[in-house]
Amino acid sequence: MLSIQNLGKTYPNGVHALQDVSLDVPAGMFGLLGPNGAGKSSLMRTIATLQLPDQGSIRFDDLDVLAEPATLRARLGYLPQDFGVYPGVSGWDLLMHFATLKGIPASARRSTVSDMLNLVHLYDKRNKAVSTYSGGMLRRFGIAQALLGTPSLIIVDEPTAGLDPKERHRFNNLLAKIGENVVVILSTHIVEDVWDLCPRMAVMNSGQIVAHGSPHALTSQLRGKLWRKEIGRNDLAKVKAQHRLILSRYVSGALVVDVLADAQPNGFSPVEPLLEHLYFSIIGAED
Amino acid sequence: MVGEIARYELAQLTRSRQFWFIGLVFAAMGVVLMAYAGDIVGGGNINVNAPNNIILFVNILSFFAMFLVASMVASSVTRDFEIDSWQVVFSCPVSWRGYLLGRFIGSLLAACLCYAFVIPGLIAGAHGPWSSGTVGPFHAWHYLYAFVVLAVPNLFVLSALLFAVSTLTRKTLAAYAGAVLIFVLFNLGNAAINDESMEPFVFLVDLFGISTLNLTTRYWTPYELNTQLAPLAGTFLWNRLIWLGVGVAAMAWTLVRFNPYPRSPQIKANVPAETGQRNVDERPIATQVHDRNTAWQQLVGRVGLEVRAVVRSIPFVVLMILGFVNAWALASLVDPVFGAPPLLLTRVAVKSLGDGLTLPLLIVIAYYAGELVWRERQVKLDQIVDAMPARNTVFLLSKLLALWTVVAALLAVSIAAMVILQLIKGTPIDASMYLREMGYRVLPFLWVGALALIGQVLSPNKYLGMLFMVIYIAVSLASSTLFDMPSLVVPGSHPTSPISGLANSTFYRLEGLKYDLYWAALSAVLVMLSHLLWRRGTDEGIAKRLRVAKRRIGVPQAATLAISLVAFAGIGRWLYVEDYVDNPIPPSDAVTDATQLRYEQVMRPLENKPLPVMKSVRLDLSTDLQTRRATSRGEIVLRNKHDRPFDTLYVALTPLAKVKQLSVEGGVVDQDFADIHVARYRFTSPMQPGETRTVRFDLDVDFSNFPGGQLSSRLETSGTALSLSEVMPDVLGYSSYSALGDPRKRAKHGLPEDRAHIATLDEPWGRDFNGLFGQSDNIDFEGTYSVDKGQVAFMGGELVRSWQQGDRAFFHYRSKTPISLALTLQQGAYRVLRDRAAGIDLAIYYNPPDDFHVAEFMKHFKIAVEYFTAEFGPFPYPEFRLIQKAFDAGANSNSGQLTLGEFAGFVSDLSKNSAVDWGTHVVGHEAGHNWWGLMVTSAKVEGATMLQETLAQYAGLMTLEKSYDKAMVARFLRESIKKYNADRNKSKFAEVPIYRSRSDTDYVHYWKGAPVIYGVKELIGEQALNQALREYFAKWAFASGPYPTSLDLLAIIRAHTPEQYQQTLTDYFERILLHDLSVSEARVETLSGGRFKVIATIHTKKMERTAEGSEQSVPLHEPVQIAVVDEEINRGDRYSARWLASERRWIDAERTQVEFIVNERPGAVVVDPYHNFIERNLDDNVKLLH
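Residues numbered from 1 in each chain as written. Chains lettered and ligands numbered in written order. Predicted model: local features only at pLDDT ≥ 70, side-chain atom pairs only at ≥ 80, totals over all residues. Heavy atoms only, no water.

1. Brief notes about the overall build of chain A
A count of helical and extended segments in chain A gives ten helices and 14 strands. Overall size of chain A, expressed as C-alpha extent along the three principal axes, is 70 × 45 × 35 Å. By residue count, 57% of the 287 residues in chain A fall in the buried class. As displayed, chain A offers around 11,400 Å² of accessible surface, 48% of which is attributable to carbon and sulfur atoms. (Helix = DSSP H or I, 4+ residues; strand = E, 2+ residues; numbered from the N terminus. Buried < 20%, exposed > 50% of the residue type's maximum accessible area, 1.4 Å probe, protein only. Areas by Shrake-Rupley, 256 points an atom, 1.4 Å probe, with all protein chains shown as cover.)

Laid out in structure tokens, this is it:
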């Protein structure tokens, strides 16, 4: 189990990336939601030993992560949000290299890398330079390196960005299966994925954890408080002024709004809450 | 629009910290360069801020500007590609050509502004309190001229070229490769200038303009250099225009060829799609093992990856090609001694590689350290790699090893290039010497690699880390002038090991390796610090990294750090004590002023005072090559030839000697000046006039030490040459060579300008002292020299007997006739060639493989000895031997024995017809010294060097003339005059006429002396001059005071010179004159009967150097030789052409028309064909008749 206590981090430019973040992450998939700049990547980098917090502690089972980063790295699988590769090095060679760095013994290296490339559907492209891969292929390559070995802590920052829906589902299933025994922290913008995959989750905003728990429990808090109405295009301002707007969108050309209220407002009908509603109710509605 | 973009770029750059930082570094380099100008460009006759120096410095620094240009201009566009902002830029309503041009102009302006910091730096350096050397008045215009005419065009061309390269390849990297290419081109240009036939093309390759400028100003007099700027005209103007044109063309090409849309990726695009995809849905599970074995595999894997990445890159391939070309350029640059470079023997190749690869290797290290350390960050793979469970050491060691691989590869390619060149030239290849010497020479670069690594680890970005190395490079190149103990102070430096084909220098390298051990320990410290501070993740701040470092430091790390630090300090202290405290540098070689000052303080009072003189020496010397120790035992007999008694005697010893016994008859030690190894003995009863006293000594001399860490020539396996003072007490008093020489330093310490007090021609006291040994004259000598079996040993006098006993060989020498105190003790494993001339046994002892010209040497040696005995005077010794010595190109003369450095002719490449046989000249010159310098010693009066060196030059020239012909002499004189013109400007000592020349003004008595003395011979005839010399010899040989002065010789020569030439003699010896002779408007008319009439105009000018140093035109009345030569001049060199007609005539006007009638078709008119006049331009003396 990963246990984070009072983590704080301020960048030299004055940005408070993490403010008093405390979180317990049990084995299984853990979803991390939040807008851009909320501090998700900072938190993940900090857990992945890539930066030091100004204060706070991180424990992984019995391990003091900040004191013994090397020990954590031996158990870590990490996929950053954005990465590049050495120019001109083939997929096979690079993954073999990563397998070496991960400490996979020479005897198992070839078969592991071969299986892994098959798993992420890159085996056919193994002799091409990774630097020539398309965005989705590169993402899959990134996933492959993160899963190499037997990591007991997997941190993946937007792993499915740029993947087509089929690959995304495949990968989600894979992660879910892995998450049965190990801690998987998944940061994403796709709220639906968290709902589908993660028994536990947290929402971050402005460097703070603003909600955490099981998606279902969190969402059920909104039950009976969420109301929907189809309105005219020019009435949005009026609705915003009168109600707490959570979500607005066009459905078949009509503008549908969901608002939060303890009692049913006039003309609105009840709606079954989704994780999306919870998310926007916490971080504030879109404009 | 272009203006907008340019303004934006300029504002961006000038606002950056980088701009100000680099600017200030340039300013600092300007200050340092000017402050040390005195050491770099002389600084006596020429002001440090002479216009030409300002231009030179602005130019030297524009080398460093390549780095500035690459980081500012070349990266201004590639930045957009490297950070992927190009798509945004090109979707804006900007013409992309305008965008390129704007970026270029803006960044070029920024680079120029940044570079302009040099100017205030130079001004401050010249006029600040730290200024060295003479400083002329300040002229802002000189700086402005240098900046506008040199720096700005250079920056423009560099920018345009590097901008083109980087923009078209979209890689800043390529710009750096381009910079290396430019560097090599510049080297080639410099190589070409050494070959006169290439001079017309130099301005084409000379991007920086400095070589071209040098062609204009190289023969300028100090007065001209101090007062005039090189005009923007002639080839210099062409050079500027051509390169500006190249810049404009490069810019135009960039604008035409640039395609704003990135090329589609091409890497391995033609690999067929592969199949074999299996259905795998389960994640493969593989245990991760983290042990030593894994770390090892990780290191091997990383090294492979790093090395492959480097080796496959285009810059590396370019670098290797350039390395190859550079090596060939270096081979052509090797020391061309008087137009005859040495053969490309391995020792020569190794030496030129060792010298010439230093800067390229340092640049390569600076560049690749940055590329390697920042590689993951540059390709944005850092987060993945940093989160991998591999140790920091795996990453940093792999990068260091990759860096070392690049160094090794460049070295290997350079050696391969040399070997191929050797195969082409057919010179013997010594593979083991390449391995030994280059192996030794590459070591410092390994340590510098560790330094570059930590520089990049500490630096917040790649460029700052590279700049750090640029500063290191500048400091290390100037280390010998900046520091007293460079090998202990400048990281990575170790003493240079001298290279010889005679001496096995293993022990030099072993000594040097101690310094490598010292720097290796520092490297271990640096590598450990790199490990502790290694960037792992995204934290950049130094505070955070120190926190991480504190956490990383465990017992093993702390122990390693402590051990390496202790080792570094310990070895450093050991070396300091061994090489500087226990074995201090003798005053004569001292780099520190203190010892020399102390020496002068104690000993100078003895200068020019009557002292007891040496009458005889008995010396029993024994050397052991295994232990490199010698024992030296013997006695010196002193006599009081004066009419007053002496109370004291000063005895100086070599610092290498350990005294077993040292006694002065009737004397006791009165005061011990241990710091300069001098003891004063007081006689219990004074030494009375006519009395003799004996100094007995028994010394152990340890040659296994290296005072000051200097790997200098001592006891060698072959080619050893020791002076008497290295094995014996010195009782002759003050030796000016052990005192501080630099006049500027002397002034700083409040000492008289000259370390030797030499009498003027008007001071009679000087006549009582000889120029070499005070009042001591020739001595009786006897000695035995015991050496390892297989060695031959030489002392003074004749070999009485030699024998072997066990594994030792013994040689017993005794002088039948008294010999000069100038005595060199030599030993080596030689082969000997014997002959006889004029009743004298001749022998040449040489290194068996160096037999290229030995037979010719003997022929010319014979000619010299026969000529000198017939024309100068009898030779008193039965044997005359010539012995090769290890290492240098120097030579010296003892009574009946000559010493020639291994590069002084023995291994010259004389294959070119126009080559000057320098070796034969040296043989003649040194043999001549037996007459002029040893048999006839001169008084310690100014002009003494004329009696020694100018006359020895005559001996050398006559040896050349009799061995070859006058054409060979003319070739020599041409080089001699060129050398005079160049050395005069470099010298710290003001020029004097030949008859007042002193040892400091060697450019006068050697290089002006040669054409002058040969000119006299041409003027009054060989017979008349030799008759004069015979009379001079007869009168002064073996004098024991008073000794002759230059006035005595001149008086005798004047007596043999017709009245009409008396003024010319005055001009030659007593004035400082410069002639300018040229031919123009030459034409030929065909006459009847196959005859031809040649008409030409001779232009003549004569300038005299005034007392204040300016020059003024003086009236003409010159006896000038004019010749018409045959058409051969169009084929061979001008000196091989046959004369069809010649005439020496009086020239009294600046323009004189001459006419000749000849019987063959003429090829050219030549004025002063044998260079009897000192001129700056020797090329316009010929006018071809087409």
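Picking up after the structure, the text goes on.
2. Describing the packing of helix H17 (residues 346–356) of chain B against helix H22 (residues 431–458) of chain B
Residues and elements named next belong to chain B. Contact geometry for H17 and H22: axes closest at 10 Å, N-to-C directions at 15°. As the angle between them shows, H17 and H22 are arranged roughly parallel. At the point where H17 passes H22, the crossing takes the right-handed sense. Listed contacts from H22 to Thr346, Arg347, Ala349, Val350, Leu353 and Gly354 of H17 are Met433, Tyr434, Glu437, Met438 and Arg441. (Axes fitted to C-alpha atoms, helices over the stretch in contact; angles between N-to-C directions. Parallel < 35°, antiparallel > 145°, perpendicular 65-115°, else oblique. Left-handed = near helix turned anticlockwise from the far one by under 90°. Contact = heavy atoms within 4.5 Å.)

3. Points about the interface of chain B and chain A
Residue-level contacts link 50 residues of chain B with 60 residues of chain A. Of the roughly 5,100 Å² buried at the junction of chain B and chain A (both faces included), carbon and sulfur atoms supply 54%. Counting across the chain B and chain A interface gives three salt bridges. Ionic pairing is found between Asp54 of chain A and Lys544 of chain B, a salt bridge with its closest N-O pair at 2.7 Å. Linking chain B with chain A are 25 residue pairs in polar contact (both at pLDDT 80 or more), by the criterion used here. (Buried area = accessible area lost by both parts, 1.4 Å probe. Salt bridge = Lys/Arg side-chain N within 4 Å of Asp/Glu carboxyl O. Polar contact = N/O pair within 3.5 Å; in protein donor to acceptor, adjacent residues only side chain to side chain.)

4. Some details on the packing of aromatic side chains
Residue and element names in this part refer to chain B. Here the structure, examined in full by the defined rule, presents 48 aromatic pairs over all chains. With centroids separated by 5.7 Å and ring planes inclined at 90°, the aromatic side chains of Trp20 and Phe117 adopt a geometry described as edge-to-face. Of the two residues, Trp20 sits in helix H2 (residues 17–35) while Phe117 sits in the loop between helix H7 (96–115) and helix H8 (118–127), which places them 97 residues apart along the sequence. What makes Trp20 partly exposed here is its relative accessible area of 47%. The class of Phe117 is buried, set by a relative accessible area of 17%. Taking the centre distance of 6.0 Å and the plane angle of 45° together, the rings of Trp519 and Phe568 count as tilted. With Trp519 in helix H26 (residues 506–533) and Phe568 in helix H28 (residues 555–581), this pair connects stretches of sequence that are 49 residues apart. (Phe/Tyr/Trp six-rings, centres within 6.5 Å; stacked < 30°, edge-to-face > 60°.)

5. Considering the nonpolar core
Counting 292 residues, the largest nonpolar core has Tyr115, Tyr368, Leu619, Leu825, Phe861, Phe880 and Phe1069 of chain B as the members making the most contacts within it. By residue number, the principal contributor to this core is helix H9 (residues 140–169) of chain B, which donates 15 residues. Beyond its immediate chain neighbours, meaning those up to four positions away, Leu825 of chain B contacts Leu619, Leu621, Thr720, Ala721, Leu722, Ser723, Leu724, Val727, Tyr785, Phe794 and Met795 of chain B. Counting 84 residues, the second largest nonpolar core, distinct from the first, contains Leu79, Ile154 and Leu275 of chain A together with Val379 of chain B. (Core = buried A, V, L, I, M, F, W, Y, C linked by side-chain atoms within 4.5 Å.)

6. Concerning the pattern of salt bridges
Residues and elements named next belong to chain B. Counting across every chain of the model gives 71 salt bridges over all chains. Of the charged contacts in the structure, one is a salt bridge between Glu1085 and Arg1083, with a shortest N-O distance of 3.8 Å. Accessibility expressed as a relative area gives 43% for Arg1083, which makes it partly exposed. By sharing partners, the salt bridges in this structure join Glu961, Lys962, Lys966, Lys1017, Glu1018 and Glu1022 into a single network.

7. Concerning the side chain of Arg139 of chain A
Residue and element names in this part refer to chain A. The topology assignment puts Arg139 in helix H5 (residues 135–147). For Arg139, which is buried and forms no salt bridge, the nearest opposite charge comes from Asp82, at a distance of 6.2 Å. Of the polar contacts made by the side chain of Arg139, one reaches the backbone oxygen of Pro80; its length is 3.2 Å. Here Glu158 takes part through its backbone oxygen, which lies 3.0 Å from a polar atom of the side chain of Arg139. Setting aside chain neighbours within four positions, we find Arg139 in contact with Leu79, Pro80, Gln81, Phe83, Asp157, Glu158, Pro159, Ala161 and Leu163. (Lys, Arg positive; Asp, Glu negative; His and termini not counted.)

8. Remarks on the packing of helix H35 (residues 1002–1020) of chain B against helix H38 (residues 1062–1070) of chain B
Residue and element names in this part refer to chain B. Taken N-terminus to C-terminus, the directions of H35 and H38 make an angle of 165°; their axes are 10 Å apart at the nearest point. Looking at the two axes, H35 sits roughly antiparallel to H38. Considering how the two elements wind past one another, H35 and H38 form a crossing that is left-handed. Listed contacts from H38 to Lys1008, Val1012, Ile1013, Gly1015, Val1016 and Leu1019 of H35 are Thr1064, Leu1065, Tyr1068 and Phe1069. Looking at side-chain class alone, the contact of H35 with H38 contains seven nonpolar, two polar and one charged residues. (Nonpolar A, V, L, I, M, F, W, Y, C, P; charged D, E, K, R; others polar.)

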